[in-house]
Amino acid sequence: MVHGATDGALPMLRHNGALDSKLMISMHRLIVAAILIGALGAGRLPAQQPVNPQAAALKEFADRTKAYVDLKTKMKSALPALGADATPAEISKHEHQLAQAIRRARSNARQGDVFTPPVVPQFRTVIRGDLRSRDIRDALAAMQEVPYTVTLRVNDTWPSDFPLATIPPRLLNNLYPLPDGLEYRFLDRHLVLLDTESHLIVDFVRDVVPSIVRRRR
Amino acid sequence: MVRRGVRIVVLALLLVPAAAAAQQVTLPQLDGAVRFAVIGDSGTGSDRQYELAEKLVAAHAQFPFTFVLMMGDNIYGSDKAKDFQKKFETPYKPLLDASVPFYATLGNHDDPNQRFYKLFNMDGRRYYTFTKGDVQFFVMDSTYMDRAQLTWLDQQLSASRARWKIAYGHHPLYSSGARHGSEVDLRELVEPLFIKYGVDVVFAGHEHFYERVKPQKGIYYFTSGAAGKLRENNIRRGPLTAAGFDDDMSFMLVEITDDKFYFQVISRAGKTVDSGELDRPPDPEKPKEAETTAATP
């Protein structure tokens, strides 16, 4: 995924006399405005700058993942820390308590809270583009171990008997980087944002994987 | 009836020493060598895992390896406290009691929180490195090879001055397995680093059999993923395969000294199914700038 890339959709300017003279007037106004701004406060930027909507959506995604991690850190700080000699029972208890605390704090969490609608198309494009770039055998192999499931809910725990199928590394490296403790995983045809410490499903995007590479058993 | 019984007893008496003799560790056991065992995909808790574990313990009596590498899928399925006992602590108890440490990597069936489990010696890290004598090990989390891990691998390999560099992770970069095969995606990202920094040997699991791959770009590759599960007759012997064993479960024993790598692979029946001696591959050529810098007073 390209970070902060422009979308290249600049408005086109037609070359005719009327437009040229309008353009000259606009430019003159712009120069005057720039001088005034400069006089009012050196280096101060205008309040509204045009923002690439794709970059803005990614920024929003990054902010939301960070907000989740901050929340988790806060929840963790209220729990007894895992010692270097932690037993499996203590590890399991810690995981469970952390999941409970996060669930309580995010009781209103819904699908789309992190993968907001404006960012979803970018994920779809990258994932589908990657799978399309592979031959069908390779694409099928990449999805071979992804578990099938029927229900998928935010704040549910990743089922312990489901493997954590590998996201093909080339694809993974084209997805937006995540903060520590969060991972992308596939579950059936869906992209899941997984908290690896609490095993909670933080959010997901449905049907990002084309059905052609998901053979039903 | 009596004669038949006698025959069985005689046969049993003949077989017992034969079986005991079958598991002969033939590694040289040289002074100062680094000795270890490799197991992969072990954590099923099945009878077969226990049977192979007994052979591993017996091998330790003959060849006192000082640590064990785990190739992932350390705990399949449920991973409650009792599962850690059943699928790890009990079968390998004699080794744990003898203070033999296990160094685990994560497989796709493992809960990443296994990294906090003291007996896996991961110290809370998903990928890490440790050194034993002349050998530095680079333990990857091949289930999630993101940019952060690639950067880490690059930095660690580049900083290493170890004579032997051994990398391991769950997924094999080269494999003749019909079920999974080579992880070409992963290979595309990590192999250039292995070549650049002179990794000598790479171990993996995931495929439930043993395979020694013909050296690829100067690197030796082994798959040892049959310590708890077996995928019978799954090796499609082809241009990659130097040796393979998919009839039964197995583990590896390794001894490294100076520029020699000795290995022996033992099956659940106590049979040696592969063994050999490899020379350390030559170091990669240093870039010219580095040579110039070294020559500058």
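Residues numbered from 1 in each chain as written. Chains lettered and ligands numbered in written order. Predicted model: local features only at pLDDT ≥ 70, side-chain atom pairs only at ≥ 80, totals over all residues. Heavy atoms only, no water.

Participant: Just to check I follow, could you spell out the sheet that holds strand 2 (residues 67-70) of chain B for this structure?
Facilitator: Adjacent strands of a sheet pair through backbone hydrogen bonds, lying either parallel or antiparallel. All names here are of chain B. Spatial ordering of the open sheet is given by 3-2-1-11-12-13, a layout of six strands whose pairing is mixed. Each of the sheet's edge strands pairs with one partner strand only, and the pair in question is strand 3 (102-104) and strand 13 (272-279). If you compare each strand with its neighbour and ignore which way they point, the axes differ by 20° on average. Two elements, strand 1 (residues 34-39) and strand 2, share four bridges in a ladder whose sense is parallel. For Ile 39, the partnering residue across the bridge sits in strand 2 and is Met 70. Strands in contact with helix 2 (residues 47-62) are strand 1, strand 11 (250-257) and strand 12 (260-267); relative to strand 11, the strand with the most contacts, it is inclined by about 25°. (Pairing = 2+ DSSP bridges. Helix = DSSP H or I, 4+ residues; strand = E, 2+ residues; numbered from the N terminus. Axes fitted to C-alpha atoms, helices over the stretch in contact; angles between N-to-C directions. Contact = heavy atoms within 4.5 Å.)

Participant: Would you take a moment to explain the confidence of the model for chain B for this structure?
Facilitator: Any residue range with low pLDDT should be treated as having predicted coordinates unsuitable for detailed reading. Residue and element names in this part refer to chain B. Residues with a pLDDT of 70 or more make up 89% of chain B, whose mean pLDDT is 90. Here residues 1-21 is modelled with pLDDT under 50, and outside its nearest four sequence neighbours on either side it reaches zero contacts, counting other chains as well. Confidence over residues 290-297 falls short of pLDDT 50; this stretch has one contact with residues more than four positions distant or in other chains. The ipTM value of the predicted complex is 0.83, and its pTM value is 0.83. (pLDDT = per-residue confidence, 0-100.)

Participant: It is not clear to me how the sheet that holds strand 3 (residues 201-205) of chain A should be interpreted in this structure. Could you clarify?
Facilitator: Residue and element names in this part refer to chain A. Across the sheet, which stays open at both edges, the three strands sit in the order 1-2-3 with antiparallel pairing between neighbours. Each of the sheet's edge strands pairs with one partner strand only, and the pair in question is strand 1 (182-187) and strand 3. The mean angle between the axes of side-by-side strands here comes to 25°, regardless of whether they run parallel or antiparallel. Bridge count between strand 2 (residues 190-195) and strand 3: four bridges; the pairing is antiparallel. By the bridge assignment, Val 192 is partnered in strand 3 with Phe 204. Helix-sheet contacts for helix 2 (residues 53-77) involve strand 1, strand 2 and strand 3, and the interaxial angle to strand 1 is about 110°.

Participant: Honestly, the packing of aromatic side chains in this entry has me stumped. Any pointers?
Facilitator: To describe a pair of aromatic rings, one takes the distance between the centres and the angle between the planes. Residues and elements named next belong to chain B. Using the criterion set out here, one finds 31 aromatic pairs over all chains in the structure. With centroids separated by 4.6 Å and ring planes inclined at 65°, the aromatic side chains of Phe 84 and Tyr 117 adopt a geometry described as edge-to-face. Of this pair, Phe 84 sits in helix 3 (residues 81-89) while Tyr 117 sits in the loop between strand 3 and strand 4 (128-132), and the two are 33 residues apart along the sequence. Here Phe 84 and Tyr 117 have matching classes, each one buried. Judged by centre distance (6.4 Å) and plane angle (75°), the rings of Phe 137 and Tyr 168 are edge-to-face. Taken as a pair, Phe 137 in strand 5 (residues 135-139) and Tyr 168 in strand 6 (residues 164-168) lie far apart in primary sequence, 31 residues in all. Under the relative-accessibility criterion, Phe 137 is labelled buried at 0%. (Phe/Tyr/Trp six-rings, centres within 6.5 Å; stacked < 30°, edge-to-face > 60°. Buried < 20%, exposed > 50% of the residue type's maximum accessible area, 1.4 Å probe, protein only.)

Participant: Help me understand the environment of Arg 128 of chain A, please; the structure alone is not making it clear to me.
Facilitator: Residue and element names in this part refer to chain A. Its location among the elements puts Arg 128 in helix 4 (residues 120-133). A sequence separation of 81 residues divides Arg 128 from Val 209, and the C-alpha atoms of the two residues are 6.6 Å apart. When neighbours within four sequence positions are excluded, Arg 128 is seen to be in contact with Arg 189, Asp 207, Val 208, Val 209 and Pro 210.

Participant: How do you make sense of the interface of chain B and chain A when you look at a structure like this?
Facilitator: A common way to express how large an interface is: the accessible area buried when the components associate. Each partner contributes residues to the interface: chain B has 32 residues there, and chain A has 36 residues. In this assembly, chain B packs against chain A so that about 2,700 Å² is buried in total across both faces, 48% of it on carbon and sulfur atoms. When residues of chain B are sorted by the area they lose upon contact with chain A, Tyr 144, Arg 147 and Asp 185 of chain B head the list and together hold 26% of the total. Viewed at the interface, chain A and chain B are joined by six salt bridges. Salt-bridge contacts for Glu 183 of chain A lead to Arg 126 of chain B; the nearest nitrogen and oxygen are separated by 2.2 Å. Run the count over chain B and chain A and you get 17 residue pairs in polar contact (both at pLDDT 80 or more). (Buried area = accessible area lost by both parts, 1.4 Å probe. Salt bridge = Lys/Arg side-chain N within 4 Å of Asp/Glu carboxyl O. Polar contact = N/O pair within 3.5 Å; in protein donor to acceptor, adjacent residues only side chain to side chain.)

Participant: Teacher, can you tell me more about the layout of surface pockets here?
Facilitator: A probe matching the size of a water molecule, rolled over the atoms, marks out where space remains unfilled. The space that makes up the largest pocket amounts to roughly 830 Å³. Taken together, 32 residues form the lining of the largest pocket, with Arg 137, Ala 141, Ala 142 and Gln 144 of chain A together with His 180 of chain B sitting closest to its centre. Top contributing element to the lining of the largest pocket by residue count: helix 5 (residues 136-142) of chain A, with five residues. Roughly 510 Å³ of volume is contained in the second largest pocket. Surrounding the second largest pocket, 30 residues form its lining, Glu 95, Ser 160 and His 199 of chain A together with Asp 79 and Asp 111 of chain B being those nearest its centre. (1 Å grid on protein atoms, 1.4 Å probe; cavity = no way out; pocket = protein on both sides within 12 Å on 5 of 7 lines; lining within 4 Å. Points joined across faces, edges and corners; volume = space filled by probe spheres on them.)

Participant: So what exactly am I meant to see when it comes to the pattern of salt bridges here?
Facilitator: Opposite charge on two side chains permits them to pair, given that their charged atoms come into close proximity. Residue and element names in this part refer to chain B. As enumerated under the stated definition, the model contains 31 salt bridges over all chains in all. Of the charged contacts, one joins Asp 97 and Lys 93 as a salt bridge, the two residues approaching to 2.8 Å between their closest N and O atoms. Here Asp 97 pairs with Lys 93, and both are found in helix 4 (residues 93-97), just four residues apart, close to one helical turn. Residue Asp 97 is classed as exposed on the basis of its relative accessible area, which comes to 52%. In this structure Lys 93 comes out as partly exposed when scored by relative accessible area, which is 44%. Across the pair Arg 163 and Asp 259 runs a salt bridge, and its minimum N-O distance is 3.8 Å. Residue Arg 163 is found in the loop between helix 5 (147-159) and strand 6, and its partner Asp 259 is found in the loop between strand 11 and strand 12; the two are separated by 96 residues along the sequence. Owing to a relative accessible area of 34%, Arg 163 belongs among the partly exposed residues under this scheme. What you see here is one network of salt bridges that share partners, running through Asp 134, Arg 163, Asp 258, Asp 259, Arg 280 and Asp 283.

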